[in-house]
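Notes for the structure review
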Amino acid sequence: VGVLVIQVGVFARGPLQKGRLHLRQAIAEGHDSYSTLLNYRADGTPFWNELSISPQRDKHGTIISWVAAIRDVTDRMRTAAKMHELAFYDQLTGLVNHSALYDEMRSTLHRARVHDREAALLLIDIEDFAEVNRAHSRDVGDAILGLVAAAAARGIDSDAAARGAAHRLRAA
């Protein structure tokens, strides 16, 4: 935990974030605040930090200074982002996985009902794909599947393209 001298507008660089707005509001209203912010070092390298500030008041209740504590939580945020990627994306194709597609299909069907529109699900099944793996190796099969997935994601106007089973692609 370090000490940070706050000069509003200088202590944080980068795009305006909800946490930064919350922090500015707390300073303007004179109360404690806690935020997790994406910040940038002087060389432009991004990092995440948790920032906690508290006003220090004199005996009349007037703010005379602020005390702040800041902690770098970049590793924790990177780990959380990686966990999200592993939970919702197929590592071979980069497409959303079955779980994420299911969520997207529910949302798509809900929007279709609310707006009285149609929805569709396209299933691309590459017949006898196991033969490609057997004849040319799994690496070749993976490369082909990656190319097909990329083409499907580019060529289909959809909310989500996903990889289902080993050789099935879906778009909702």
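What you see is a predicted model, and the numbers here were worked out from it, not measured in a lab. (Residues numbered from 1 in each chain as written. Predicted model: local features only at pLDDT ≥ 70, side-chain atom pairs only at ≥ 80, totals over all residues. Heavy atoms only, no water.)

Turning our attention to the environment of L37. Along the chain, L37 falls in strand β2 (residues 33–40). Residues L37 and L23 lie 14 residues apart in sequence; the distance between their C-alpha atoms is 9.9 Å. (Helix = DSSP H or I, 4+ residues; strand = E, 2+ residues; numbered from the N terminus.)

Here we take up the nonpolar core. Judged by nonpolar contacts, L23, I27, L37, L51, I53 and A68 together constitute the single largest core of 6 residues. If you list the elements that add at least two residues to this core, you get α1 (18–29) and β3 (46–57). (Core = buried A, V, L, I, M, F, W, Y, C linked by side-chain atoms within 4.5 Å. Buried < 20%, exposed > 50% of the residue type's maximum accessible area, 1.4 Å probe, protein only.)

Here α1 contains 12 residues, and its C-alpha end-to-end distance of 16 Å stays within 8% of the 16 Å for a straight helix at 1.5 Å per residue. Three or more residues of α1 are buried, namely G19, R20, L23, A26 and I27. The arc that holds the buried residues of α1, viewed along the axis, is 120°, so those residues lie on one side. Opposite its buried face, α1 presents the exposed residues K18, A28 and E29, each directed more than 90 degrees away. Residues of α1 that are buried sit in contact with β2, β3 and β4 (63–72). After α1 finishes, the residue G30 shows a positive phi value of roughly 75°. (Expected span 1.5 Å × (residues − 1). Arc of directions from axis to C-beta. Contact = heavy atoms within 4.5 Å.)

Our next topic: the confidence of the model for the protein. Across the protein, pLDDT averages 80, with 80% of residues at or above 70. Within the model, pLDDT remains below 50 along residues 1–11, and this stretch shows 20 contacts once partners closer than five positions in the same chain are excluded. (pLDDT = per-residue confidence, 0-100.)

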